[in-house]
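# Remarks on the overall topology
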Amino acid sequence: MRKPSRRKCKVCGEKFTPQYDNIRWCCPEHGAQFSMQELERKREKQQREKDKTERAAWQERKAAVKPLSHWISMTQRAVNDWRREMLLAAGHGCISCGTKTAFAWHAGHYRTTAAAPQLRFTDDNI
């Protein structure tokens, strides 16, 4: 028969010889303390997992909501397309050079949107 190996108590750190293989503490009081520590660790782990899933859900919801800059750029595209079509339908050409046959039509601004953001969607500025 093999001699039982000595172990170190998980609570106080003293060496002891356990009577059974599944014992990790030197006395019953330390067994109670060890079980309370294990319960606390398990609760903390569950809380961390819960927080992690909540953060992941928050990031998913946050990604689903488009920022204001996205909607501004989409509106700017629509307004620019509308203005180009309106100018071409009226028979006007490029505001700068006057050509009516251009490879790509751009909707430029007299005053840039950075200098005058209030004129971004004004058709007289496009």
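Structure shown above.
Described in the following lines is the structure provided in the data block.

Thresholds applied
Residues numbered from 1 in each chain as written. Predicted model: local features only at pLDDT ≥ 70, side-chain atom pairs only at ≥ 80, totals over all residues. Heavy atoms only, no water. Helix = DSSP H or I, 4+ residues; strand = E, 2+ residues; numbered from the N terminus. Contact = heavy atoms within 4.5 Å. Phe/Tyr/Trp six-rings, centres within 6.5 Å; stacked < 30°, edge-to-face > 60°. Buried < 20%, exposed > 50% of the residue type's maximum accessible area, 1.4 Å probe, protein only. Salt bridge = Lys/Arg side-chain N within 4 Å of Asp/Glu carboxyl O. Patch = residues over 30% accessible without salt bridge, like charges linked within 9 Å, V, L, I, M, F, W, Y side chains within 5 Å. Areas by Shrake-Rupley, 256 points an atom, 1.4 Å probe, with all protein chains shown as cover. Lys, Arg positive; Asp, Glu negative; His and termini not counted. Charge placed at Lys NZ, Arg CZ, Asp CG, Glu CD. 1 Å grid on protein atoms, 1.4 Å probe; cavity = no way out; pocket = protein on both sides within 12 Å on 5 of 7 lines; lining within 4 Å. Points joined across faces, edges and corners; volume = space filled by probe spheres on them. Nonpolar A, V, L, I, M, F, W, Y, C, P; charged D, E, K, R; others polar. Polar contact = N/O pair within 3.5 Å; in protein donor to acceptor, adjacent residues only side chain to side chain.

### What to know about the overall build of the protein
Broken down by element type, the protein carries two helices and two strands. Taken from the N to the C terminus, the helices and strands of the protein come in the order β-β-α-α. Pairs at least 24 apart in sequence give 22% of the contacts found in the protein among residues at least 6 apart.

### Side note on the packing of aromatic side chains
With the rule as written, the count across this model stands at one aromatic pair. Their ring planes at 35° and their centres at 5.7 Å tell us that W25 and F34 sit as a pair that is tilted. Classification of W25 as partly exposed rests on a relative accessible area of 24%. Given a relative accessible area of 14%, F34 falls into the buried group.

### Some details on the pattern of salt bridges
Enumeration according to the criterion identifies two salt bridges in this entry. Across the pair E38 and R41 runs a salt bridge, and its minimum N-O distance is 2.4 Å. Remark: R41 and E38 occur in helix α1 (residues 28-64); sequence separation between them is three residues, near one turn of the helix. By relative accessible area, E38 is classed as partly exposed at 35%. For R43, the salt bridge is made with E40, and the minimal N-O distance between the two is 3.8 Å. Note that R43 and E40 are positioned in helix α1 at a spacing of three residues, about one turn of the helix. Residue class for E40 comes out partly exposed when judged on its relative accessible area of 37%.

### Considerations on a positive patch on the surface
Side chains of K3, R6, K8 and K15 sit close together on the surface and give a patch of like positive charge. By the element assignment, K15 lies in strand β2 (residues 15-16). Judged by its relative accessible area of 54%, K15 is exposed.

### Quick word on the layout of surface pockets
Roughly 190 Å³ of volume is contained in the second largest pocket. Lining the second largest pocket are ten residues, with R2, K3, P4, S5 and D21 sitting closest to its centre. Grouping the amino acids of the lining of the second largest pocket by side-chain chemistry returns four nonpolar, two polar and four charged.

### So, the environment of R7
Considering the arrangement of structural elements, one finds R7 in strand β1 (residues 7-8). Spatially, the C-alpha atom of R7 lies 9.1 Å from that of I23, the residues being 16 residues apart in sequence. Residue contacts for R7: discarding those within four places in its chain leaves E14, K15, F16, P18, D21, N22, I23 and R24. A distance of 2.6 Å separates a polar side-chain atom of R7 from the backbone oxygen of D21.

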